[in-house]
Amino acid sequence: MNTKFETITLEQNGDFATLSVSREKSLNALNALVHTELKECLTLLKDDNPDNLRGLIFTGAGDKAFIAGADIVEMSSMTPEQAFNFAVLGQDVSLLFEELPFPAIACVNGFALGGGCEMAMSCDFIYATETAVFGQPEVKLGLIPGFGGTQRLAKLIGRNNAKELIYTGRNLKVDEAKELGLVVKVFATKDEMLSAATKTLEKINANSPLAVSTAKSVMNEGNDLTITEGLKVEAKHFGGIFASYDMKEGTSAFTEKRKANFKGE
Ligand code: DAK
């Protein structure tokens, strides 16, 4: 696929790829071009997946920041119409991470503020370095979170914790983020984090890709439903997967005491 972007990079490594926001001088702040390129790249991965990827690592260039938020310089001169278009674009990108047919791990190396924290939360889960700092400081700028922060943060760490963070706009060090369940694992260096994320993707990829992708979409769909509605969605997909090659292969391999050879079909 076309990997020639100005503000992001996509590097494939076997079954997986690493997607990085690459505006190190501005601490990888999200401007309209970053969003446009992320949207183009993620749409292609979601719809065509030309390289048959099975997992994505999402990170920021350098060691100082994952993403220090939406680009405040660009936002400061936006008209209401441009701000609306910017919001829609950012929300589209956040939804695309959820709609990818394979897992996406956010690897947070440094500041993940505002839109950066929101993009990390759009991935399936978050790994972070010891230097990672999270926060939704929008109210300090006279804004509110606009790429899903008011919704996703509350679902991830509970409404009261999310309100305290969003109303104060305070930063959160990695230990507290881990304690609250925002971060799953913490690593000493970026390299250690990226190699652990690759190992996690390898472990996931040893399972049925179809089952993993179905679990992802059922869990994301259930996030917006009542428990009764969510269980109906689960039952529908649980039944549907019985028609798959992978289900037959996985259960046969168990009874034949051999390793399953999944195809993702
Ligand atoms: N935007 C633009 N440039 C940024 C930036 C940002 N968010 N964050 C940092 N930079 C730039 C700095 O201006 C500086 O540029 P130069 O002066 O070198 O040209 C360079 O990156 C290095 O930053 P610092 O010199 O400030 O570095 P420090 O180590 O001193 O401080 C910092 C690091 C992360 C604490 C600090 O840079 C900082 O506070 N940055 C802003 C963090 C922030 O407030 N982020 C949240 C942005 S608000 C919406 C949808 C979504 C959103 C809004 C609306 N709609 C629905 C419409 C989302 C809003 C946000 O994300």
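Remember, predicted model here, so these are calculated numbers, not experimental data.

### Some thoughts on the site of the ligand
So, point 1. Close to the ligand lie 22 residues; Lys 64, Ala 68, Ala 70, Ile 72 and Gly 115 are nearest.
So, point 2. Here a nitrogen atom of the ligand and a backbone polar atom of Ala 68 are 2.9 Å apart.
So, point 3. In the model, a nitrogen atom of the ligand is placed 2.9 Å from a nitrogen or oxygen of the Ile 72 main chain.

### Points about the packing of helix α1 (residues 32–47) against helix α3 (residues 80–99)
Helix-helix packing: each pair is described by the crossing angle between the helix axes and the interaxial distance.
So, point 1. The contact between α1 and α3 brings their axes to 9 Å, and the two run at 30 degrees. Looking at the two axes, α1 sits roughly parallel to α3. α3 is crossed by α1, and the crossing has left-handed handedness. Between α1 and α3, the contacting residues are Ala 32, His 35, Thr 36, Leu 38, Lys 39, Leu 42, Thr 43 and Lys 46 on the first element and Phe 86, Leu 89, Gly 90, Asp 92, Val 93, Leu 96, Phe 97 and Glu 99 on the second.
So, point 2. Considering only residue class, the contact of α1 with α3 consists of 8 nonpolar, 4 polar and 4 charged.

### What about helix α8 (residues 190–205)?
So, point 1. The end-to-end C-alpha distance of α8, which contains 16 residues, comes to 22 Å, matching closely the 22 Å that a straight helix rising 1.5 Å per residue would cover.
So, point 2. Of the positions making up α8, those classed as buried are Lys 190, Met 193, Ala 196, Ala 197, Thr 200, Leu 201, Ile 204 and Asn 205.

### Some points on the nonpolar core
So, point 1. Core analysis: the largest hydrophobic core is formed by 49 residues, its most contacted members being Leu 19, Leu 56, Phe 58, Phe 97 and Phe 134.
So, point 2. Top contributing element to this core by residue count: α1, with 5 residues.
So, point 3. In this view, Phe 97 contacts Leu 19, Leu 42, Leu 56, Phe 58, Ala 104, Met 119, Ser 122, Cys 123 and Lys 216; residues no more than four positions away in its chain are not counted.
So, point 4. By size, the runner-up hydrophobic cluster in this structure holds 11 residues, among which are Tyr 127, Phe 187, Ala 196 and Leu 201.

### Digging into the side chain of Ser 244
So, point 1. Inspection of the secondary structure puts Ser 244 in the loop between α10 (227–240) and α11 (245–255).
So, point 2. Under the relative-accessibility criterion, Ser 244 is labelled buried at 7%.
So, point 3. Aside from chain neighbours lying at most four places away, what touches Ser 244 is Leu 210 and Glu 265.

### Section: the sheet that holds strand β4 (residues 65–67)
So, point 1. Taken in spatial order, the 4 strands line up as β4-β6-β8-β9 in an open sheet, and their pairing is mixed. Each edge of the open sheet carries a strand with a single partner, namely β4 and β9 (171–173). Pairs of neighbouring strands in the sheet enclose a mean axial angle of 20 degrees, with direction left out of account.
So, point 2. Sheet topology note: the strand β6 (residues 111–113)/strand β8 (residues 133–135) ladder contains 3 bridges and is parallel. From the neighbouring strand, Leu 113 faces β8, where its bridge partner is Gly 135.
So, point 3. Contacting β4, β6 and β8, helix α4 (residues 115–122) runs over the sheet at an angle of about 95 degrees to β6.

Rules used in this analysis
- Residues numbered from 1 in each chain as written.
- Predicted model: local features only at pLDDT ≥ 70, side-chain atom pairs only at ≥ 80, totals over all residues.
- Heavy atoms only, no water.
- Near = heavy atom within 4 Å.
- Polar contact = N/O pair within 3.5 Å; in protein donor to acceptor, adjacent residues only side chain to side chain.
- Axes fitted to C-alpha atoms, helices over the stretch in contact; angles between N-to-C directions.
- Helix = DSSP H or I, 4+ residues; strand = E, 2+ residues; numbered from the N terminus.
- Parallel < 35°, antiparallel > 145°, perpendicular 65-115°, else oblique.
- Left-handed = near helix turned anticlockwise from the far one by under 90°.
- Contact = heavy atoms within 4.5 Å.
- Nonpolar A, V, L, I, M, F, W, Y, C, P; charged D, E, K, R; others polar.
- Expected span 1.5 Å × (residues − 1).
- Buried < 20%, exposed > 50% of the residue type's maximum accessible area, 1.4 Å probe, protein only.
- Core = buried A, V, L, I, M, F, W, Y, C linked by side-chain atoms within 4.5 Å.
- Pairing = 2+ DSSP bridges.

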